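# Structural overview for review
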Amino acid sequence: ENKNLVDENKELIKEVLKAYPEKSRKKREKHLNVHEENKSDCGVKSNIKSVPGVMTARGCAYAGSKGVVWGPIKDMIHISHGPVGCGYWSWSGRRNYYVGVTGINSFGTMHFTSDFQERDIVFGGDKKLVKLIEELDVLFPLNRGVSIQSECPIGLIGDDIEAVAKKTSKQIGKPVVPLRCEGFRGVSQSLGHHIANDAIRDWIFPEYDKLKKENRLDFEPSPYDVALIGDYNIGGDAWASRMLLEEMGLRVVAQWSGDGTLNELIQGPAAKLVLIHCYRSMNYICRSLEEQYGMPWMEFNFFGPTKIAASLREIAAKFDSKIQENAEKVIAKYTPVMNAVLDKYRPRLEGNTVMLYVGGLRPRHVVPAFEDLGIKVIGTGYEFAHNDDYKRTTHYIDNATIIYDDVTAYEFEEFVKAKKPDLIASGIKEKYVFQKMALPFRQMHSWDYSEPSDGVQMSDQIRFFGEGRKISLFLA
Ligand code: ICE
């Protein structure tokens, strides 16, 4: 029967592709496939330029650098450098919860722009940028540093933002970090992640090295120091994760970058172990930490009770028996809490199906959380994953799962019409299309503006799935 389902789904992909002109069809068919048991790869091409003329949900390098990696560093001012539109229209688009007084010592939800005009394009924007950084330091004296996030024109007109960064950094006596994350670079936000990681390596690690050399690193090490990275605290997720790690006796010395500070970026290399949640957006800096400081790093997954328990044990195994015992205690403490929620919702959700489409991590990382609820993932895909992500995905999915890389709006709609999942779990660009098709929908980027979805606070997500099911029953 499973073999039939593989064939049936392959047939569906062929049907859907028929709508395209030949050239586009040839390009798109490489990104669509059906997973077959025991294969070590999903068999799709990825990280390739979107086909012009189709509707892609991808973002740009600026989104990956400013929006994803650097933006959450709360005590720095992140300048959207270029025309006002990029910063304005992406302003507060991604939630990154933080503690602090906005406008005084934290700036996460504010929007700073150099507001480029024609004359800046013609004569260059460096002078304006210097003036802006000087003014900002007067207006917001408690900022700890500045990042310059380049929008498209910066790279085109040949401005020297590195020179500006060095000059203004001396003037204000704080780090100023230039990012060449112009939106035209690369094929998606993914290159922006990479550029942002490289900037941490090139502009932040030297700060650490300097402070360490001069014995000015204000840091008392402990054997249990970990850096929690690749968690952006979208709905408070990093807080929930940190809580579990601290409960088992570890000390989180850096959060990159959700609710994070410049100081936490600087002292990252002082940790004993790096725990990375989002592999896609921060694997680059893990490799730098390993090469430069011999730092070990490991991936973990805090989505859903099964994976949380497994990850806690894997993390604890890197430490002594005290931590390992603590991990068991933490698991024992929260298991009844989780079970109470599962007991309530699993009977209602058992046997339901979901189709996923998210960015670079969640399309695989959340699969076990759905399974804990009795929901089966029948299709999944990434906006901007690379081949290593699709390899990792095979550990999470079942035979006959439909795989769609950089899926177009048309393809996704057609797959949904044919497979009729009970729930779609994707983003704001997809949401209303499917809701108008009377299908329950859950936002997997923003968690529909609710509480965290990793760590222990799964209850809200579970509750929502429960609601989703009720809606579909109501409509049926
Ligand atoms: Fe990583 Mo939306 Fe985060 Fe992932 Fe990344 Fe983005 Fe967020 Fe999504 C993100 S860092 S903003 S876990 S760019 S939800 S890859 S697309 S799946």
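This text goes with the structure placed above it.
Okay, so let's go over this structure. (Residues numbered from 1 in each chain as written. Predicted model: local features only at pLDDT ≥ 70, side-chain atom pairs only at ≥ 80, totals over all residues. Heavy atoms only, no water.)

## Regarding the overall build of the chain
Counting secondary structure elements, the chain contains 20 helices and 14 strands. By the compact-globule yardstick of 23 Å for 476 residues, the chain fits well, its C-alpha radius of gyration being 23 Å. Split into buried and exposed, the 476 residues of the chain put 57% on the buried side. Excluding contacts between residues fewer than 6 apart, the proportion of contacts in the chain whose partners are at least 24 apart in sequence is 71%. (Helix = DSSP H or I, 4+ residues; strand = E, 2+ residues; numbered from the N terminus. Rg over C-alpha atoms; globule rule 2.2 N^0.38 Å. Buried < 20%, exposed > 50% of the residue type's maximum accessible area, 1.4 Å probe, protein only. Contact = heavy atoms within 4.5 Å.)

## Digging into the packing of helix 6 (residues 126–139) against helix 8 (residues 161–172)
Closest axis-to-axis distance for the helix 6/helix 8 pair is 10 Å, and the angle between their directions is 30 degrees. Here helix 8 runs roughly parallel to helix 6, going by the angle between their axes. Like other packed secondary-structure pairs, helix 6 and helix 8 cross with a definite hand, here right-handed. Side by side, helix 6 and helix 8 meet where Asp-126, Leu-129, Val-130, Ile-133, Glu-134 and Asp-137 of the first sit next to Ile-161, Val-164, Lys-167, Thr-168, Gln-171 and Ile-172 of the second. (Axes fitted to C-alpha atoms, helices over the stretch in contact; angles between N-to-C directions. Parallel < 35°, antiparallel > 145°, perpendicular 65-115°, else oblique. Left-handed = near helix turned anticlockwise from the far one by under 90°.)

## Considerations on the site of the ligand
Around the ligand, 13 residues are found, and the nearest of them are Arg-94, His-193, Cys-278, Phe-384 and His-445. Residue composition of the shell around the ligand, grouped by class: six nonpolar, five polar and two charged. (Near = heavy atom within 4 Å. Nonpolar A, V, L, I, M, F, W, Y, C, P; charged D, E, K, R; others polar.)

## Notes on unusual backbone geometry
Cis geometry is found at the peptide bond from Trp-256 to Ser-257, where omega equals -10 degrees. In this structure, Trp-447 takes a positive phi of about 55 degrees despite not being glycine. In this fold, Trp-447 is placed in the loop between strand 14 (441–443) and helix 20 (459–475). You can call Trp-447 buried: its relative accessible area is 0%. The residue Asp-448 is not glycine, and still its phi comes out positive at about 50 degrees. Within the secondary structure layout, Asp-448 lies in the loop between strand 14 and helix 20. With relative accessibility at 13%, the residue Asp-448 sits in the buried group.

## Observations concerning helix 18 (residues 409–419)
Listed as buried for helix 18 are Glu-411, Phe-412, Phe-415, Val-416 and Lys-419. Taken down its axis, helix 18 places every buried residue within 130 degrees of arc, on the same side. Taken from the residues just after helix 18, Lys-420 is the one with a positive phi, measuring 45 degrees. (Arc of directions from axis to C-beta.)

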